[in-house]
Amino acid sequence: MRFAPSPTGMFHVGNARSLLLNWVVARQSGGSLVLRIEDTDAARSRPEWTQGIIDAMAWLGVGPDEYEGPYFQSANATAHREAIARLLAAGRAYYCDCSREDLLARTGDSHRGYDGFCRDRGLAAAEGRAVRFRTPDEGATIVDDLVRGKPAFDNALLEDFVIARGDGSATFLLANVVDDVTMGITHVIRAEEHLSNAPKQQLLWEALGTPPPLWAHTPILVNAKRQKLSKRRDRVALEDFRAEGYLAAAMRNYLMLLGWAPSGDREIVPWEVIENEFRLEEVNSAPAFFDVTKLRAFNGEYIRALTVEEFVAACQPWLTGPSTPWDADAYDPEVFAAVAPLAQTRLVLLSEIVPLVDFLFLDTPVVDEAAWAKATKDRDTAAALLTATVDAYTRLAAEGGDDGTDGTDGASGQGEHGGQGWDAAALKARLEEVGLAHGLKLGKAQAPVRVAVTGRSVGLPLFETLAALGPQRTLARLRAALARLT
């Protein structure tokens, strides 16, 4: 099996699926996966795109130990030229000096394929002359496809296609076949969009005296409008999904289900199950909808399935990277560890961790003004509630050995005389008492407290949040909010 991407842009999710399909079949069969970088388009190929391919593969779990290579198609140019010479010598190819303008002048049809004008002219090699493959005039080329059965292509409808450009370099069609032959490739698993190339390439395999591979053209990926995914219109770059906080395991699982399903009424399954059950013959040939909403749901399930330790580790690039909204030394791993189990149940993307916990590591919270306005709509009631809450929580902190003003948090201790500690249960009980005194249920009473402390009206459970934040910072924010009101 081979995976043969072109280093001409970001790593497309369609390429990611092709990679996984080739990888799983190679592992099932005890074969090898070959990484071949098809870099013959010199104008568009760039080294950074090649590195991007290797990095994306590694993220998906296909590291250097899982494949041979990378090999570069440009390094096989000698074999390409030798194959062209063999085809010319055998009469299976010929030189052509026709331009597109010449063809249009002869046929008057801009949509018509090449008309075979140079087939029997006996042109010799010359600068600027292309080489065309002589396709059969009769019969059909049958492609034995593990996904699509045995589609037949009428040879009369196959034009004599170019296999070498005017500068002597091989085109994709020929280079691809020669490289596959040279590398002993037995399976060609790729997207449906290449199916139209299959009869031409099969003819080349046969003309070069080698049996063709087993073909498998998997369904194209489409968007919600059933349009083929386009990098100009749709989100398709694997790098972007990774940056948003998708887990590689979730992406692998989802991509493998585009056109195939494991046994039973299951979708989220371990990779070991996929590797054991997947069969190319079971892949559906219909276009597969790349549903980002469903992918998000998969990712949320995978995030929740992590251990807390794994979740904490997975969040680190967003918590300690250069783009965090807080200073590097403001991040406290112990504080994050305290709220991590609560955050883990609320995310579908790892990047969502930043707005969920930023108030823990910023000096002052970023206040959502709409949330503040709603929570303090009745300013007198909000002021009275915050005043009473400051008083109740100051007493609670003192009972725990911290009055909230001396620069220490004392978040988990209890007072010398057995008073309540600064914990979620005690914090909730005190706010319930404050709310009751003001004729408010807990849900109403905690609204201005939440916005004052976190800056938002929704987020992590409030009392566990206050426990992690500690008395000093909690009371400072409550007092700041009260000052803003009064």
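Just above, that's the structure.
The present account deals with the structure reproduced in this document. Fair warning: this is a prediction, and the values are worked out from it, not measured in the lab.

Basis of the calculations
Residues numbered from 1 in each chain as written. Predicted model: local features only at pLDDT ≥ 70, side-chain atom pairs only at ≥ 80, totals over all residues. Heavy atoms only, no water. Axes fitted to C-alpha atoms, helices over the stretch in contact; angles between N-to-C directions. Helix = DSSP H or I, 4+ residues; strand = E, 2+ residues; numbered from the N terminus. Parallel < 35°, antiparallel > 145°, perpendicular 65-115°, else oblique. Left-handed = near helix turned anticlockwise from the far one by under 90°. Contact = heavy atoms within 4.5 Å. Nonpolar A, V, L, I, M, F, W, Y, C, P; charged D, E, K, R; others polar. Salt bridge = Lys/Arg side-chain N within 4 Å of Asp/Glu carboxyl O. Buried < 20%, exposed > 50% of the residue type's maximum accessible area, 1.4 Å probe, protein only. Disulfide = S-S within 2.5 Å.

**Focus on the packing of helix H15 (residues 379-399) against helix H19 (residues 471-485)**
Relative orientation of the contacting elements H15 and H19 amounts to 155°, with a least axis distance of 10 Å. When the axis of H15 is compared with that of H19, the two are roughly antiparallel. H19 is crossed by H15, and the crossing has left-handed handedness. On the side of H15, the interface is formed by Arg379, Ala382, Ala383, Leu386, Thr387, Thr389, Val390, Tyr393, Thr394 and Ala397, while H19 contributes Pro471, Thr474, Leu475, Leu478, Arg479, Ala481, Leu482, Arg484 and Leu485. The residue inventory of the contact of H15 with H19, partitioned by class, reads 12 nonpolar, 4 polar and 3 charged.

**Some thoughts on the pattern of salt bridges**
Applying the stated rule across the entire model yields 26 salt bridges. Arg2 serves as the salt-bridge partner of Asp180, at 3.0 Å between the closest nitrogen and oxygen. With a gap of 178 residues between them, Asp180 in helix H5 (residues 172-183) and Arg2 in strand E1 (residues 2-3) connect regions that are remote in the sequence. The partner of Arg27 in a salt bridge is Glu275, with the nearest N and O atoms 2.8 Å apart. You can see Arg27 sitting in helix H1 (residues 13-29) and its partner Glu275 sitting in helix H9 (residues 271-277), a full 248 residues away along the chain. Overlapping salt bridges bring together Arg2, Arg36, Glu38, Asp179 and Asp180 as one network.

**Focus: the environment of Phe311**
Relative to the assigned elements, Phe311 resides in helix H11 (residues 308-320). Using a relative accessible area of 0% as the deciding quantity, one classes Phe311 as buried. Between the alpha carbons of Phe311 and Met1 there is a distance of 35 Å; along the sequence they are 310 residues apart. In this view, Phe311 contacts Ile303, Leu306, Phe336, Ala340, Ala343, Gln344, Leu347, Leu350 and Ile353; residues no more than four positions away in its chain are not counted.

**Side note on the state of the cysteines**
Considering all chains together, one arrives at 0 disulfides under this definition. You can see Cys96 has no disulfide; the closest cysteine sulfur is in Cys118, sitting 3.7 Å from it. With relative accessibility at 3%, the residue Cys96 sits in the buried group. Cys118 provides the cysteine sulfur closest to Cys98, a residue in no disulfide bond, and the two sulfurs are 3.4 Å apart.

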